[in-house]
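Here is how the chains run, residue by residue.
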Amino acid sequence: MTNHGDDALSSRTGAPDGDDRLSEDRSLLQQRLAVRELIDTEVSYLHVLQLCASDIRSRLQQLPQGDLDVLFSNIDDIIKVNSRLLHDLQETASREEEQVQLIGNAFLEFQEELEQVYKVYCASYEQALLLVETYRKEPELQREIQGIIEAVLPQAGPSGLSFLLVIPLQRITKYPLLLQKILENTLPDASAYTVLQRATSALQDVVTNINEYKRRKEVASKYTKVEPLSLRERLARINTHTLSKKTTRLSQLLKQEAGLVPRTEDKEFDDLEERFHWVSLCVTELKSNVAAYLDNLEAFLRFRPQDYNLEIPEGPVVQYCYLARDLQLQAFPEFKQQLEAQVWQPLCSLAKALAGPQNLIKKRLDKLLDFERVEEKLLEVGSVTYEEEAARHTYQALNSLLVAELPQFNQLAMRWLGQILCTFVILQRDLAKQVLQRAEDSLAQLPHHHLSEPAFRKLVEDALGQTSHQLRSFQENFEKVLPPPTTQPLLPGAERQVQALLSRYGPGKLYQVTSNISGAGTLDLTLPRGHIVALLQNKDTKGNSSRWLVDTGGHRGYVPAGKLEVYHVVPSEEELRGQERPHRDSQHQTPEPISAPVPSVPAVTQVVAMYPFMARSSHEVSLQAGQRVTVLEAQDKKGNPEWSLVEVNGQRGYVPSSFLARAPSPAPWGWSLPS
């Protein structure tokens, strides 16, 4: 009897143990199935990614490279990370007892890498969908794309590109679900339970962070676009809502400036912003300097003294001309081309890349003012409207994005800038090497080839110093001997214009330009020194008496009053003869024959040298101030009126026409020579 009672008791107490074992076995089976599902789906997922990256992307050559970069984004980085993750997951199969715990540890180890690569992909997903929509509007292109995808992945079906693009997004969001399924079938007292909990929570955080990052990028993309709007377009965008926002922001800013409300301090962002502005300043300065360098290089390439007859005996000059022609034809143009391609264009691209962050920083300040106003209201009232809450989130998204990405941008911009500078230095070094190689044969024939480099440097420095001293001495003598006269002489061909202005306005209205004038505005005139004008009005339309309205005989416009002086008219020889003729008629009853009128530019004319001139070659002749000169031709052989062929003391040569003036008869009444 006792044995039967013990058996019954044991059967009653053993039943729960059997059920527990059955439940544990069922959970273990479900756990193994969940692990198998995780690994098998990871294999299939990675296989699809590899097909996309290798077969499909390589066959879509009809699409621009920029489109392919957007569509497939950083899929290569995703493949690398997931390949390593799959390898670790498959390695856990050899240690079945610890497999679940090892899986949890693997996901914890890959948490940051998964977040980084999938952030980038998800951020460009919306732009990729926009491209897909544009392809659907071109039926022929859409059929080609669909045919390529179906040939590689028949399971894609009619969705085509859309099916492929969404796969990475679906996979990253499925990891927490797969881990949760394994966790649900793991005993709470098992050693792997805590690790799986942490892994599941970590992957859920990854998905949350990716969604938040995607939202921030969408907010940022709205404000990074720099649209070149005209004034009319800007005015068209103004409405009561925008006016209200700008007024509120201005009011908040004025309160902060007056110290009525505190200003939000963010030292971390302020440091990043300051560094970004330094980077921007460096890029702007370098771009300006490179632009000036290219302009100077262009001017240097246009200067070709070797193409002209230098009239110097043979010797080093011949070697110089040969070398200069060789460099001008190949070395320098190649250097300029490389400079534009490897320095200027990347520098312009870097400057363009700065525009987006600059606009974001500016918008952050606006959104910060909105955020501060909403925070004040929240403290006072305790609640805000939906629009105000959206403004708070917009600022927080912008600020978080800038704080997270501005350090990386600054670092990349500095690295980019450093590479541009290194490239510039390398191009300069290569040019120097190339010039030395080309000049190697010519150097042996130069007079100073035997000198060492220090001795040659000293020789050049001494020669430059001596030449500089001579130039300064010449400048000082030139300023002493040639003080600028108050009235400049006329060119031989300017009498006709002066006569036209004189007959129209009279002598009291004529003025002479004392120095060159470069017009800056649309109504301003550009005139050379010595030009004659007639005064129309001694002030402009705004009453400014420093700008006078004048007539040049062909154009009217404004010139600075300080560069005009009264012109004292010098009569021509014909007028002087006309003044003397009545006096001769009163003395002699027999009328004299009337002489032919003197042309404005006679073949031979007696003039006076107004300034001294030192001949610099055998083609020129020296002058002394006040010396009488005979003009043989009022132009050079090319018809240039700036030079005149004259005869002085039996010598013939060219002198500047502006150094000459007509020689009047002695003691004319009422007239005076320009001083």
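Residues numbered from 1 in each chain as written. Predicted model: local features only at pLDDT ≥ 70, side-chain atom pairs only at ≥ 80, totals over all residues. Heavy atoms only, no water.

- The name given to the protein chain in an unreviewed UniProt entry is Rho guanine nucleotide exchange factor 37 isoform X2, with Bos indicus as the source organism.

### A few points about the nonpolar core
Part 1: Core analysis: the largest hydrophobic core is formed by 64 residues, its most contacted members being Ile56, Leu71, Phe107 and Leu114.
Part 2: Tallying contributions element by element places helix H1 (residues 2–59) first for this core, with twelve residues.
Part 3: In contact with Leu71, other than residues within four places in its own chain, are Leu63, Tyr121, Ala128, Leu131, Val132, Tyr135, Leu161 and Leu165.
Part 4: Counting 34 residues, the second largest nonpolar core, distinct from the first, contains Phe269, Leu272, Leu301 and Ala397. (Core = buried A, V, L, I, M, F, W, Y, C linked by side-chain atoms within 4.5 Å. Buried < 20%, exposed > 50% of the residue type's maximum accessible area, 1.4 Å probe, protein only. Helix = DSSP H or I, 4+ residues; strand = E, 2+ residues; numbered from the N terminus. Contact = heavy atoms within 4.5 Å.)

### Side note on the pattern of salt bridges
Part 1: The full count for this structure, using the stated rule, is 25 salt bridges.
Part 2: Across the pair Asp40 and Arg36 runs a salt bridge whose closest N-O atoms are separated by 3.3 Å. Of this pair, Asp40 and Arg36 both sit in helix H1, four residues apart, roughly one helical turn.
Part 3: For Arg36, a relative accessible area of 42% gives the class partly exposed.
Part 4: The network of salt bridges with shared partners includes Glu298, Lys336 and Glu340. (Salt bridge = Lys/Arg side-chain N within 4 Å of Asp/Glu carboxyl O.)

### Some points on the sheet that holds strand S7 (residues 628–633)
Part 1: Judged by pairing direction, the sheet is antiparallel, and its five strands sit side by side in the order S9-S8-S7-S6-S10 without closing on themselves. Either end of the sheet is taken by a strand with one partner, and the two such strands are strand S9 (651–656) and strand S10 (660–662). Within the sheet, the average angular offset between the axes of one strand and its neighbour, ignoring direction, is 50°.
Part 2: The pairing of strand S6 (residues 605–609) with S7 spans four bridges and is antiparallel. Paired with Val608 across the strands is Arg628, a residue of S7. (Pairing = 2+ DSSP bridges. Axes fitted to C-alpha atoms, helices over the stretch in contact; angles between N-to-C directions.)

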